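A structural walkthrough
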Amino acid sequence: MINNVLANLVSLANVKFHPACDAGLISSFFHRDGILLPGQHHELLKFSNGVETYDGYFRLFGIDCGNNNGLRAWNSEENWKFAWAGRCSDFWCFGESAWGDQYAYRTSSLTNRERSPIYFLDCLSMTAQVIADSFQEFLEIEFLASSKNPYDEMTILAHKKLGAIEKDTHLIYKHSILLGGEETIDNVEKIGARTAMICNGDIATQLDAGPPNGAVRAIEPYEDDAGRMRLRLLWS
């Protein structure tokens with residue numbers, strides 16, 4: 001069945017494939033992490049070690065990519081998840097939209113041979129919702145559909161304005177909509193993917209922990225001890 005999805009992906013414009021992974025490399029990679037990946041996901045990696053569609057606005061990560069977007073690096077707590085105070089620590093992210101919305105399994109489902117539904121983690125809150133019962137269903141009803149015709153109008157507008165983007169780049173609102181920024185294309189800009197995920201986490205968690213009647217008067221950028229760009233909300 002996955003061959004039908006792959007054939008559909010190949011037929012699309014603005015899709016980037018990567019050299020296929022050897023089956024032995026895939027098995028050894030996931031064995032090291034105790035991950036039991038669904039068979040359909042194995043098949044995709046054997047076809048292409050990661051995929052970007054719609055000019056990079058939708059991505060499935062590959063393994064051993066040598067950057068922060070490889071599966072192991074992206075799921076490292078110290079990469080960006082730390083900034084979300086545990087909200088996404090129980091999830092194993094394997095893909096995303098250019099906004100930073102994550103496609104993920106619950107890690108427990110990959111280590112205990114359980115059913116492996118697919119979750120959508122919102123980029124501004126990391127709230128999770130099930131969007132497919134399996135990886136095959138996810139490819140058919142979410143990834144392929146979005147790659148053909150994104151359901152989010154802002155993604156379409158961003159593509160028209162910015163064109164193709166790299167897989168290590170995210171889109172953000174220059175003035176976060178969590179802090180009253182407008183959801184308009186003029187408020188959208190590109191930024192490094194890791195930095196975007198950390199900054200969104202800093203804003204979301206500090207808003208939740210802030211004083212009940214307080215108001216944010218400023219945002220202070222700083223670099224933490226690990227050299228990561230961070231944001232500090234200053235309250236009035």
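Below is a short write-up of the structure. Computed from a prediction, not measured in an experiment: that's the story for all the values here.

Calculation notes
- Residues numbered from 1 in each chain as written.
- Predicted model: local features only at pLDDT ≥ 70, side-chain atom pairs only at ≥ 80, totals over all residues.
- Heavy atoms only, no water.
- Helix = DSSP H or I, 4+ residues; strand = E, 2+ residues; numbered from the N terminus.
- Rg over C-alpha atoms; globule rule 2.2 N^0.38 Å.
- Buried < 20%, exposed > 50% of the residue type's maximum accessible area, 1.4 Å probe, protein only.
- Contact = heavy atoms within 4.5 Å.
- Areas by Shrake-Rupley, 256 points an atom, 1.4 Å probe, with all protein chains shown as cover.
- Lys, Arg positive; Asp, Glu negative; His and termini not counted.
- Charge placed at Lys NZ, Arg CZ, Asp CG, Glu CD.
- Pairing = 2+ DSSP bridges.
- Salt bridge = Lys/Arg side-chain N within 4 Å of Asp/Glu carboxyl O.

Regarding the overall build of the protein chain
If you tally the helices and strands in the protein chain, you get eight helices and eleven strands. On C-alpha atoms alone, the protein chain measures out to a radius of gyration of 18 Å, which is about the 18 Å that the 2.2 N^0.38 rule sets for 236 residues. Considered along the principal axes of its C-alpha atoms, the protein chain spans approximately 55 × 40 × 30 Å. Classification of the 236 residues of the protein chain by burial places 49% in the buried group. A separation of at least 24 residues holds for 57% of the contacts in the protein chain among residues at least 6 apart in sequence. Within the structure as shown, the protein chain displays about 11100 Å² of accessible surface, and the carbon and sulfur contribution to it stands at 48%. Distance between charge centres in the protein chain, computed from 21 positive and 31 negative side chains, equals 2 Å.

Quick look at the sheet that holds strand β6 (residues 118-121)
A sheet is described by the order of its strands in space; here seven strands give the open sequence β1-β2-β3-β4-β5-β6-β7, paired in antiparallel fashion. Edge positions in the open sheet fall to β1 (16-17) and β7 (128-132), since each of these has one partner strand only.

Focus on the environment of Leu144
With respect to the helices and strands, Leu144 occurs in helix α6 (residues 135-148). Here the alpha-carbon distance between Leu144 and Glu52, two residues 92 residues apart in the chain, equals 11 Å. Once residues within four sequence positions are removed from consideration, Leu144 is found in contact with Asn8, Leu9, Leu12 and Leu139.

Considerations on the pairing of strand β11 (residues 229-235)
By the bridge criterion, seven bridges tie strand β10 (residues 216-223) to β11 in an arrangement that is antiparallel. Across the sheet, the residue bridging to Glu220 is Arg232, located in β11. Remark: five residues form the turn of the hairpin made by β10 and β11, two consecutive strands paired antiparallel; Gly227 in that turn has positive phi of roughly 80°.

Brief notes about unusual backbone geometry
Backbone phi values are negative for most residues with the exception of glycine, while trans is the configuration of most peptide bonds. Positive phi, normally seen in glycine, also occurs at Asn14, with a value near 60°. With respect to the helices and strands, Asn14 occurs in the loop between α1 (2-11) and β1. A positive phi is found at Ala85, a non-glycine position, where the angle reads about 50°. Examined against the element boundaries, Ala85 turns out to sit in the loop between α4 (71-74) and β4 (91-97).

Comments concerning the environment of Ser27
One can find Ser27 in helix α2 (residues 23-33). Once the C-alpha coordinates of Ser27 and His42 are considered, the two residues, 15 residues apart in sequence, prove to be 8.6 Å apart.

Section: the pattern of salt bridges
Where charged atoms from two side chains of opposite charge come close, those side chains can pair. Inspection of the entire model under this criterion finds ten salt bridges. The partner of Arg228 in a salt bridge is Asp224, and the shortest N-O contact between them spans 2.8 Å. Residue classification places Arg228 among the buried positions, given a relative accessible area of 11%. Overall, Asp224 belongs to the buried group, its relative accessible area being 11%. Asp224 serves as the salt-bridge partner of Arg230, at 3.3 Å between the closest nitrogen and oxygen. Here Arg230 matches Asp224 in class, with each residue buried. One network of salt bridges, in which partners are shared, links Glu78, Asp202, Asp224, Arg228 and Arg230.

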